[in-house]
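Summary of structural features
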Amino acid sequence: MRAEAPGPGDDLLEFARHHHLVPPGADAGVVLHDAAGEVVSADAAAQRILGLDLRQLRERGPADPRWACVDEDGRPVQPRELPALRGLASGEPVRVVLGQHRPTPDGLGERAWLDVRCEPLFGPDGGAPHSLISTVQEVRGERAVRLRLADATRLYRTLAERAADVVTLLDPEAVVSWTSPSTRAVLGRHPQDLVGTCLLDLLHPDDRPRAEQDLVDLLREGSSARTLRRFTHAHGHPVHLDTSATVVPDEQGRPAQLVAILRDVSAQVLAEEERDRAVHRFEVAMRSAGIGMAIADASGRWLEVNRAMADLLGRSVEEVLAVDFRAVTAEADRAADELAYRRALSGEIDRDDAEKRYRRPDGTLVWAKRTMVLVRDAQGRPEHFLVQVQDITDQKRAREQLATLAVTDNLTGLPNRLLLTDRLTHALARARREGTSVGVLFCDLDLFKQVNDTLGHDAGDELLRQVADRLRHTVRGEDTAVRLGGDEFVVVCEDVTGAEQVHRFADRVRAVLQEPYLIEDHELQISVSIGLAVGSGPSAEVLLQRADAAMYRAKHSGRPGEEVTDDEGAVRDHVALERELRHALETDELLLHYQPVVSLTSGVLHKREALLRWTHPQHGLLLPDVFLPLAERGRLVTALGTWVLHRACRDAVRWPEDVTVAVNVSARQMARADFPDEVGRALDGSGLPADRLCLEITESSVLQASETTLASARRLMDLGVALSLDDFGTGQSSISSLHKLTLQGLKIDRSFIADLPACPRVEALVDGLIQLGRGMGLEVVAEGVETSEQAAWLTAHGCPLGQGFLFGRPATTPG
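Each chain carries its own residue numbering, running from 1 in the written order of its sequence. Residue-level local features of this predicted model are given only where pLDDT is at least 70; pairs of side-chain atoms are given and counted only at 80 or more, and the full residue set underlies all totals for whole chains, interfaces and linings. For the side-chain quantities, the full set of heavy atoms in the structure was used; hydrogens and water were omitted.

A closer look at the overall build of the protein chain
Within the protein chain one finds 30 helices and 31 strands. Within the protein chain, the fraction of its 815 residues that count as buried is 46%. Accessible surface area values rest on a Shrake-Rupley calculation with a 1.4 Å probe, where residue burial reflects the displayed protein chains alone. For the protein chain, the computed accessible surface area is about 40,500 Å², with 51% contributed by carbon and sulfur atoms. Elements are defined by DSSP. Helices are runs of H or I of four residues or more, strands are runs of E of two residues or more, and each kind is numbered from the N terminus. For every residue, the accessible area (1.4 Å probe, protein chains only) is compared with the maximum for its type, and the residue is labelled buried under 20%, exposed over 50%, or partly exposed between those bounds.

Observations regarding the packing of aromatic side chains
Stacked, tilted and edge-to-face pairs are distinguished by plane angle, under 30 degrees for stacked and over 60 for edge-to-face with tilted covering the rest, among Phe, Tyr and Trp rings (Trp via its six-membered ring) whose centres lie within 6.5 Å. Applying the stated criterion across every chain, the model contains three aromatic pairs. Relative to Phe385, the ring of Tyr341 has its centre 4.5 Å away and its plane inclined at 50°; by these criteria the two rings are tilted. In this pair, Tyr341 sits in helix H13 (residues 331–345) while Phe385 sits in strand S15 (residues 382–391), placing the two residues 44 residues apart along the sequence. Seen in terms of ring centroids, Tyr594 and Trp655 are 5.2 Å apart; in terms of plane orientation they differ by 90°. Their pairing is edge-to-face. Here Tyr594 is found in strand S23 (residues 590–599), whereas its partner Trp655 is found in the loop between helix H22 (636–652) and strand S26 (660–665), with 61 residues between them in sequence. For Tyr594, a relative accessible area of 2% puts it in the buried group. Among the aromatic side chains, those forming a connected cluster through ring pairs are Phe325, Tyr341 and Phe385. Sitting over the face of the ring of Trp655, Arg608 holds its NZ or CZ atom 4.7 Å from the ring centroid. Lying over the aromatic face of Phe805, Arg809 brings its terminal NZ or CZ to 3.9 Å of the ring centre. In our convention, an over-ring charge means Lys NZ or Arg CZ found within 6 Å of a ring centre and within 35 degrees of that ring's normal.

Comments concerning the pattern of salt bridges
Throughout this description, the term salt bridge denotes a Lys or Arg side-chain nitrogen within 4 Å of a carboxyl oxygen of Asp or Glu. Following the criterion strictly, the structure yields 53 salt bridges and no others. Between Arg472 and Asp469 there is a salt bridge, with the nearest N and O atoms lying 2.6 Å from each other. Placement of the pair is Arg472 and Asp469 together in helix H17 (residues 457–474), with a separation of three residues, close to one helical turn. With a relative accessible area of 35%, Arg472 lands in the partly exposed category. A salt bridge links Lys747 to Glu609, with the shortest nitrogen-to-oxygen separation between them at 2.9 Å. Of this pair, Lys747 sits in strand S29 (residues 745–748) while Glu609 is found in strand S24 (residues 605–616), placing the two residues 138 residues apart along the sequence. A relative accessible area of 3% places Glu609 in the buried class. Three or more residues are tied together by salt bridges with common partners; here these are Asp337, Asp352, Lys356 and Arg370.

Overview of the state of the cysteines
The rule for a disulfide is simple: a pair of cysteine sulfur atoms within 2.5 Å. If you walk through the whole model with that rule in mind, you get zero disulfides. Just so you know, Cys493 is unpaired, no disulfide at all, and the nearest cysteine sulfur is the one on Cys443, 9.1 Å from it.

Some details on the packing of H22 against helix H24 (residues 675–686)
Note on definitions: angles span 0 to 180 degrees between N-to-C directions of axes, and those axes are lines fitted to C-alpha atoms, for helices only across the stretch in contact. Where H22 meets H24, the axes come as close as 8 Å, and the angle between the chain directions of the two elements is 30°. By the criterion of interaxial angle, the relationship of H22 to H24 is roughly parallel. Viewed along their axes, H22 and H24 form a crossing whose handedness is right-handed. Contacts between H22 and H24 involve Thr642, Leu645, His646, Cys649 and Arg650 on the former and, on the latter, Phe675, Glu678, Val679, Arg681, Ala682, Leu683 and Ser686. In this scheme, roughly parallel covers angles under 35 degrees and roughly antiparallel covers those over 145, while 65 to 115 is roughly perpendicular and the rest are oblique. By definition, turning the near helix anticlockwise from the far helix through less than a right angle yields a left-handed crossing, and turning it clockwise yields a right-handed one. Contacts are residue-level and defined by heavy atoms, with any inter-residue pair within 4.5 Å sufficient.

Quick look at the packing of helix H16 (residues 448–455) against H17
Contact pair H16 / H17: the axes reach a minimum separation of 6 Å and the direction vectors enclose 140°. Overall, the two elements H16 and H17 adopt an arrangement that is oblique. Mapping the contact onto sequence places Phe448, Val451, Asn452 and Leu455 in H16 and His457, Ala459, Gly460, Leu463 and Leu464 in H17. Just so you know the grouping, Ala, Val, Leu, Ile, Met, Phe, Trp, Tyr, Cys and Pro go in nonpolar, Asp, Glu, Lys and Arg go in charged, and all remaining residues, Gly too, go in polar. A breakdown of the residues in the contact of H16 with H17 according to their chemical character gives six nonpolar, three polar and no charged.

Things to note about the sheet that holds strand S2 (residues 39–42)
Sheets are built from strands that pair by backbone hydrogen bonding, the pairs being arranged parallel or antiparallel. Paired strands, in this sense, are two strands between which DSSP finds at least two bridges. Pairing is antiparallel across the open sheet formed by five strands, whose spatial order is S2-S1-S5-S4-S3. Across the chains shown, the open sheet's two edge strands, defined by having one partner strand only, are S2 and strand S3 (94–102). Neighbour-to-neighbour, the strand axes of the sheet open up by a mean angle of 30°, direction not taken into account. Across the face of the sheet, helix H4 (residues 83–90) comes into contact with strand S1 (29–34), S3, strand S4 (110–123) and strand S5 (126–138) while running at roughly 150° to S3.

Examining the sheet that holds S15
Here five strands make up an open sheet; going across it, the order is S12-S11-S15-S14-S13 and the pairing antiparallel. Taken across any chain shown, the strands that pair with only one partner, and hence form the sheet edges, are strand S12 (302–305) and strand S13 (351–359). Ignoring which end each strand starts from, the neighbouring axes of this sheet average 25° apart. As defined by bridge partners, strand S14 (residues 365–376) adjoins S15 across nine bridges and the pair is classed as antiparallel. The partner of Met372 across the bridge, within S15, is Val387. Helix H9 (residues 266–288) rests against strand S11 (292–297), S12 and S15 of the sheet, and its axis sits at about 120° to S11.

Topic: unusual backbone geometry
The linkage connecting Leu756 with the following residue, Pro757, adopts the cis geometry, with an omega of -5°. By secondary structure assignment, the location of Pro757 is in the loop between helix H28 (750–753) and helix H29 (760–775). In this model, Glu520 sits at a positive phi of 50°, which is unusual for a non-glycine residue. Assignment of secondary structure puts Glu520 in the loop between strand S19 (517–519) and strand S20 (522–524). The backbone of Asp588 shows a phi angle near 60°, a positive value even though the residue is not glycine.

Details of the side chain of Asp337
With respect to the element layout, Asp337 can be found in helix H13. Of note is the side chain of Asp337, whose polar atom sits 2.7 Å from the side chain of Arg370. N or O atoms within 3.5 Å of each other form a polar contact, as long as, within protein, one can give a hydrogen and the other can take it, and as long as residues adjacent in sequence are counted only when both atoms are side-chain atoms.

Let's talk about the pairing of strand S18 (residues 488–496)
Across the nine residues that make up S18, a large majority, eight, are buried. Pairing analysis gives seven bridges linking strand S16 (residues 437–445) to S18, with the strands arranged antiparallel. By the bridge assignment, Gly439 is partnered in S18 with Cys493. Direction of pairing for strand S17 (residues 480–485) relative to S18: antiparallel, over a ladder of five bridges. Bridging from a neighbouring strand, Gly485 pairs with Glu488 of S18. Between S17 and S18, which pair antiparallel one after the other, the connecting turn spans two residues, and Gly486 there sits at a positive phi close to 60°.

Some remarks on the nonpolar core
Grouped together as the largest cluster of nonpolar side chains are 61 residues, with contacts concentrated most on Val661, Val679, Leu693, Leu695, Ile748, Val766 and Leu794. With eight residues, the top contributor of residues to this core is H22. Aside from chain neighbours lying at most four places away, what touches Ile748 is Phe728, Ile753, Val766, Leu769, Ile770, Val780, Val781, Ala782 and Glu783. Only buried residues count toward a nonpolar core, which is a set of Ala, Val, Leu, Ile, Met, Phe, Trp, Tyr and Cys residues joined through side-chain atoms within 4.5 Å. Within the second largest apolar cluster, 32 residues are counted, among which are Cys443, Ala459, Phe489 and Leu513.

Side note on the environment of Asp324
Within the fold, Asp324 resides in the loop between helix H11 (317–321) and helix H12 (325–328). A relative accessible area of 19% means that Asp324 is categorised as buried. Residues Asp324 and Trp302, spaced 22 residues apart in sequence, show a C-alpha to C-alpha distance of 5.7 Å. With residues near it in sequence (within four places) discarded, Asp324 still touches Gly300, Arg301 and Trp302. Within the structure, the side chain of Asp324 is placed 2.8 Å from the side chain of Arg326, a separation counted as a polar contact.

Okay, here's the thing in C-alpha cells:
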C-alpha cells in the first residue's frame, strides 16, 4: 500500500503508526522530507534522538557531510546511499541500521546507532514521490552492545594499533599494563615483553632521576604533564620521545593508572642539535676568522661583527655596532652599495660582490673585497645580510703599480710605447674637434752604442735617465715625452698651429739634449737626430711612422738634425720605397740573417730565427725598421713575407743540425685565407719537415684576429707547424692574447730583458711572464740577452731558452 502525505494538522507519530511505520509502543521519532530530501518537519522525539533541533535539521541538506554515517561494519555511507535519498530515488520503502554522528552538549559528539525506516509518499495520481516520511529509533539491547563494541574495537585499531605514537597504560609505579604495537617501531621492543616492566627502566640513565621526581609531582597533583625524555632503544642507541602522561583517577579520586603517549621526535632533536652545532661553528669561525665578517639587518645596521672587521675599520666592535654600513663606507662608494642593498631587498639578486673603500676614523681609506649575501626566513622574506670583507689594499696598490709599470718605461720612468699610442690617439681626436694639429718628434741619440761599448751599460743607462729628465723638464704640461726603447724617444706636442711651431720646439729640445752630460766623472756630449711629423688626419700609427721615417732619413743623411714629413712627402716616400723594394725582390738585394736561440742551462742550439735584411745600393745594409713600417701600408708586405718564408725553409733544410727555423709572420699574412696553402708549398718545395718550422706572430695579429686568421691558425696547427707569440708583453692585452690562438711558445720582448737584473720591478714582471708561460705549457724564449748576468738571472728564474748577442749575432751563415 502506498501512503499519502499527512495533512497539515496530522500528528506525524500517529500518522507513522497508523501506516505501520513504527511498531506499537516504540520510542521513535518521525521526520518528514520533501521531494529533494530536505527536512520539512520533525517531532520532538526525532529532534532528541538526532541531537538537532528543527532549525538545525532544516539547515542540513540530505547530503551534508556532517551526518558522518557508517554502516554496521563501520564503512562510511556515501550521501546518495542515505535511506531518505534512496527511498525517494527508488520509490520503495527502505530500512537500514546506521551509525550517525550525534552532537552532544560537551561539544565532543558521539556515535548513535539508529534503526531508520523510510516510506515514500505519493499523490492520488501516483507518479514520483512528492515527499518521504522517516522514523528513527535508537538500537537497544544486545544488538546495541554488539555495535558499540565493534565500533570501539575499530576505533582502538585505528588509534592504537595504527598510530605512529606509542600509547601505554601504567600503574602509579610506572609499570606497564598495556602498550600499543607501535612500541616495536619506536623502541624496538615487542609490546608483550614490556608488560610488567617499569617504563622508567627504559630511560637513559641521565634522565631517570628527573623522571622519577616528575612522576611523584604528577601523582600528587593528579593532572597531566609533558616533557622530552631520552629512552634507550633495544639496539642500544638513544631515542628522543615527546612524552605526555595523564593521571586516570578511581571512583574515590585517587590515581588508579596513567595513560602515556610517547612520540618519536629524534629526527627533530637531532636536527636542532645539528643546527646548534652549526650555529656554534659559525660563531667560532666568525670570531676567529682572519677576514672581516658581519651580520647586518635589512636596513644596513650591523647586528654582529668580528674582531677582524672592527680592526679593518679601525674601530672597536662596540663602535662598529653603533653605526650602519653607510657611516663607514667611502662617500664615492655609497651609491653603489645602496643600489646593491635595494636590488637584494627587491629580490633582483641574492648576492653581490664588489671592491669598495671603507673610511677609517682617521680619514684613511681601506680597499676591501666585499661579498654580501641576503639570508631569507622560512617565508622567503629578507631577514639579514651576511657580509664578508677582505682587506685588499696591498693587492690594490700592487695592481696599480703593475698598471703603472705596464705603461711606464722601467729605466727612465717616462711613459712607454703602450701609453704613447693612447695619448697620441686622444690628442689627434682632440685636434680634429678643435681644428688644431698634433706634432710628433721622433728622437734618436746618435752614436749611443759607442757609449755602451766604451763606458759600459751602466753608463749608458745613466745617460738615458738624464736624457729623460731633460725631456721631462722641457716639454709643456699638455705634451707627453715617451721612451720607445733603446735610445729612441718620442715627444707628442698637442694644440699646435703648424710645422713652424713644431720646428721651434724641436730646436729647443735638440739644444737641451745636446748640452754636456756628466756620467761617472766623464763629460759627454751627444748629437740627436729628430724626425718631425705634423697633422690631425692620420691615425696615431701613421703619424708615428712618418716621424720615424723622417728620423731615419735625417740619420742616414750624414747630418744630425730634424726633418719634417708632411702628407705629400709621405706619399712620395711610400711610392719610391715600394718601387725600390720591388726591384730588391727581383734583383736579389734581400737576404736573411740567422740568430741562434739556445738552451740557457746547457748552451745547446735549439733553433734559429730568420731576420730580413736589405742590401740597398745607396744606403748599404738596412734593417727592417727602416723599410717595413712603410711597406706595411702598401702591398709589399705579403710579397716580402712569402719570400722570407720560402728562403728560410730552403736554407734550414741544408743545415747540418736538425733544428727549427723561426720565421716572423705579419698580421696581413695571417689574415689571408690562402696563407696555410703558401706555407704548405714552402714546406713541399724545400723538403723541410713541418715540425721544424715555427711561425712567430705579433700580438697585433692576435688582438685583431678575424675568423679567417683563426681558421688559418687551425690549419697551420693541422699541418704540424708551431705558432709562437713574438715580443710578448709589449701589446695592449698580452695575457688575453694567449687565449685567442693555440700557441706553442712566446718570446719575452728585449725591452724587458735590457733592464735585468738591476731593476726590481722589471725582475718581478719578467718572472711573472716566465711563470705564466711555463704554467700554460709554452716554450719561453728571452730575447735580447746580452750579458752573462742576464743569462744567469733568467736561468735561476726558470726561463729555458735565450736569444741575443751573448750567444751570437745575426749572420748569413749559421755558426
